[in-house]
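Descriptive analysis of the structure
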Amino acid sequence: MERGPGDEAADRHGRLLAALVGRGDLVLLGSDAGVSELVGRAAPLRIVLVTAADGASADQIRARVEPLVKAARPGGPPTHFVVVGGDAAAGRAALARAAPLIQPVRMGFHHVDAAGALARVKGQALPALEEACARLAEVGSLGPEALDRALAEGRALAQQERAIVDRLRGSRRVTAVLVIACAALLAVSYAFGPGTHELALWRMGANSGEAVRRGEVYRLLASAFLHADVVHLFVNMLALWSLGPMLEALLGPRRFLLLYGASALGGSIASASASAFAEGRWGVGASGAIWGLMTAGIGIALRPHGLLPAAMIAQMRSRAWWPLGINLVYSFQPGIDLLAHLGGGVVGFALVVTVLPRGLTPVEQRARPADAEPRPRPLLTAAATLTGAAMALSVVAALAAGRPWELGAPPALERTAVADTGVALDLPETLARTTSMDEVDGLRLHSYGRLPETPMMFQLAILPRPEEMTPDQIDAHLEQGRKALDEEPPEAAVTKSRATRLTLGGRPALSVRHKHQNGIELVTYIVALEDRDVLLKAYVAADRPASWAGIEDRVAATLAPQ
């Protein structure tokens, strides 16, 4: 080590350096011009020793320390800056001013004065430094040969870590394919014209517990490739590109694909289970799979299976929990699928701490990415192939079943009899095939369509009259109905227009429009037939295709006795 500014301070620097290196748990990375850098061998720790002449002013000491502080990289290990030399008051004042308000890493600032006394100026205490300072009188500076050996060991450790980092950046083919698939499917979901995006997402495989229980299991995986909008895609793909390449290189492409697919499936199953508590709930996104990758990284930090050196594992442990905490808080925001996140996270963590990394070659022993597996594993290849095929086929099945390309075409109407009511009407084919019947307040409600699977939904009920009415009586009866519609709007709905009298298909009728808080528009019709009234409600999705505009009026005009 070259002598720094002041032989006595340099001597204390040398003896402190020797005491720290002599502990055995610190490695010397560099020592030159009065600055020495040490890192923990198996623990996340960095110590920077800086020599200051005993007569140096606070400004001079600060000028030496500040560039080193600014060079600290975010995400690095906890770093302690130790000024050796300088007047006690000047050293402490300089370090106090050099400590940044916002620190990229946890930092500590310490001063060793001319008498060898250690003072902690800011940050946490460092027991290793305290022990080394207590031994200053017992040790001498490192000799040239000892210094060279310590530096050689540090260079070897740094070179090994750089090689490992390079290897962990070397594989991203599966990650790239996943990103491209998600981006392509978002583009497809926007390709069917204005007002069709959400409906297209549903038809392309959005996840829903109700639909899955009806047998549409392809949604569990297809939904992991769909995204609500460009921002949603960007956030998820940024996370995937940040986590994916490292895990793909560490585990190999086959095990990585298994991890991603299983995490996506776990997240979707957890999300689908929530529909029992929230009717009509559905979702899209790769978040479950990405949470699985994030917790897999935590799992490797906690149980590394010998894949990475101890120093790298220690550094991973020191910063593994922050992303989880931040994302967990974010997951409680409105519109975020917490269960999908937790489901994917549990699966990813469980796989990595149990079976997934077993049998892999440690990274430092690999000469090329293919060396991750020490021997051929046909069962692993088969499992990865099945996982990839399941994900691809789920997307194909969703497209084939949902036929989203039909959204831009005007719906074809077909004559549909309403059960045994003796009434018929023309309905879009897609709605006529989706029927159900419920009894509400003594009325049998016949439903056609199901939001959000279809752009709109109709409900129809027969309102019997107590007696036969003349045309004038029917007119008065409708007027009473008009007033009732205005005075009794649906709960949690905003009236868009007052009830109006009109003629539909040559028959007197009433019509009123309301809008619910969730954006669904409700159009209510009462149509007077010869011997009864028909209540028809049309629920219209907020983003229905332009080709479906006005369909509710066309349908209402076709109401007639069968």
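See the structure printed just above.
Our subject in this report is the structure included herewith. Since the structure is predicted, the reported quantities are computational estimates derived from the model, not experimental observations.

So, about the overall build of the chain. Assigned secondary structure in the chain consists of 19 helices and 16 strands. For the chain, whose C-alpha radius of gyration is 35 Å, the value lies well above the compact-globule estimate of 24 Å for 562 residues. Judged by the C-alpha coordinates and their principal axes, the chain covers about 115 × 60 × 35 Å. Split into buried and exposed, the 562 residues of the chain put 49% on the buried side. Taking all contacts inside the chain whose residues are at least 6 apart in sequence as the whole, residues at least 24 apart take part in 65%. In the structure as shown, the chain presents an accessible area of about 26,300 Å², 58% of it carried by carbon and sulfur atoms. Each charge class in the chain was averaged separately, 56 positive and 55 negative side chains, and the resulting centres sit 8 Å apart.

Quick look at the packing of aromatic side chains now. Per the counting criterion, the structure on display carries 2 aromatic pairs. With 5.4 Å between their ring centres and 20° between their planes, Phe81 and Phe109 make a pair best called stacked. Of this pair, Phe81 sits in strand β4 (residues 79-84) while Phe109 sits in strand β5 (residues 107-112), and the two are 28 residues apart along the sequence. By the burial criterion, Phe81 is buried, and Phe109 matches it. Ring geometry for Trp202 versus Trp282: centroids 6.0 Å apart, planes at 85°, classification edge-to-face.

Moving on: a nonpolar patch on the surface. A cluster of nonpolar side chains, namely Val231, Phe234, Val235 and Leu238, defines an oily patch on the protein surface of about 410 Å² accessible area. Within the secondary structure, Phe234 is located in helix α10 (residues 230-251).

Quick look at helix α1 (residues 7-21) now. Given a rise of 1.5 Å per residue, 15 residues ought to cover 21 Å, and the 21 Å separating the end C-alpha atoms of α1 matches this to within 8%. Most of α1 sits inside the fold, with 12 of its 15 residues counted as buried. Along α1, the positions that sit buried rather than exposed are Ala9, Ala10, Arg12, His13, Gly14, Arg15, Leu16, Leu17, Ala18, Ala19, Leu20 and Val21.

Glancing now at the nonpolar core. Ranked by size, the top nonpolar core spans 60 residues in total, and within it Leu259, Tyr260, Ile300 and Leu308 carry the most contacts. Ile462, Leu529, Trp548 and Val555 belong to the second-largest nonpolar core, a separate cluster that totals 26 residues.

Taking strand neighbours across the sheet as the criterion, the 7 strands line up as β9-β10-β11-β15-β14-β13-β12 in an open arrangement whose pairing is antiparallel. Each edge of the open sheet is held by one strand with a lone partner, namely β9 (435-440) and β12 (493-504). Sheet twist, expressed as the mean angle between neighbouring strand axes with direction ignored, is 20°. The pairing of β12 with strand β13 (residues 507-516) spans 9 bridges and is classified as antiparallel. Residue pairing across strands places Arg501 opposite Leu510, the latter belonging to β13.

With mixed pairing, 6 strands are arranged side by side in an open sheet as β1-β2-β3-β4-β5-β6. Strands at the two margins of the open sheet, each flanked by one partner only, are β1 (26-32) and β6 (118-122). When the angles between neighbouring strand axes are averaged without regard to direction, this sheet yields 20°. In this structure, β1 lies alongside strand β2 (residues 35-40), joined through 6 bridges in antiparallel fashion. Paired with Leu26 across the strands is Gly40, a residue of β2. Relative to β6, helix α4 (residues 127-134) is tilted by about 155°, and along the sheet it contacts β4, β5 and β6.

Moving on: the packing of helix α11 (residues 253-273) against helix α16 (residues 378-402). Axis separation between α11 and α16 bottoms out at 9 Å; the angle between their running directions is 45°. When the axis of α11 is compared with that of α16, the two are oblique. The two elements α11 and α16 meet at a crossing, and its hand is left-handed. Counting all contacts with α11, which are made through Arg254, Arg255, Leu257, Leu258, Tyr260 and Gly261, the residues of α16 involved are Leu380, Thr381, Ala383, Ala384, Thr387, Gly388 and Met391. Grouping the amino acids of the contact of α11 with α16 by side-chain chemistry returns 7 nonpolar, 4 polar and 2 charged.

Within strand β15 (residues 532-540), 8 of the 9 residues are buried, which leaves the element mostly enclosed by the surrounding structure. With 9 bridges connecting them, strand β11 (residues 456-464) and β15 associate as antiparallel partners. Bridge pairing in β15 places Met457 opposite Tyr539. Bridge analysis of strand β14 (residues 521-528) against β15 gives 8 bridges, and the strand direction is antiparallel. Bridge pairing in β15 places Glu521 opposite Val540. Where β14 folds back on β15, the antiparallel hairpin that results is connected by 3 residues.

How each quantity is defined
- Residues numbered from 1 in each chain as written.
- Predicted model: local features only at pLDDT ≥ 70, side-chain atom pairs only at ≥ 80, totals over all residues.
- Heavy atoms only, no water.
- Helix = DSSP H or I, 4+ residues; strand = E, 2+ residues; numbered from the N terminus.
- Rg over C-alpha atoms; globule rule 2.2 N^0.38 Å.
- Buried < 20%, exposed > 50% of the residue type's maximum accessible area, 1.4 Å probe, protein only.
- Contact = heavy atoms within 4.5 Å.
- Areas by Shrake-Rupley, 256 points an atom, 1.4 Å probe, with all protein chains shown as cover.
- Lys, Arg positive; Asp, Glu negative; His and termini not counted.
- Charge placed at Lys NZ, Arg CZ, Asp CG, Glu CD.
- Phe/Tyr/Trp six-rings, centres within 6.5 Å; stacked < 30°, edge-to-face > 60°.
- Patch = residues over 30% accessible without salt bridge, like charges linked within 9 Å, V, L, I, M, F, W, Y side chains within 5 Å.
- Salt bridge = Lys/Arg side-chain N within 4 Å of Asp/Glu carboxyl O.
- Expected span 1.5 Å × (residues − 1).
- Core = buried A, V, L, I, M, F, W, Y, C linked by side-chain atoms within 4.5 Å.
- Pairing = 2+ DSSP bridges.
- Axes fitted to C-alpha atoms, helices over the stretch in contact; angles between N-to-C directions.
- Parallel < 35°, antiparallel > 145°, perpendicular 65-115°, else oblique.
- Left-handed = near helix turned anticlockwise from the far one by under 90°.
- Nonpolar A, V, L, I, M, F, W, Y, C, P; charged D, E, K, R; others polar.

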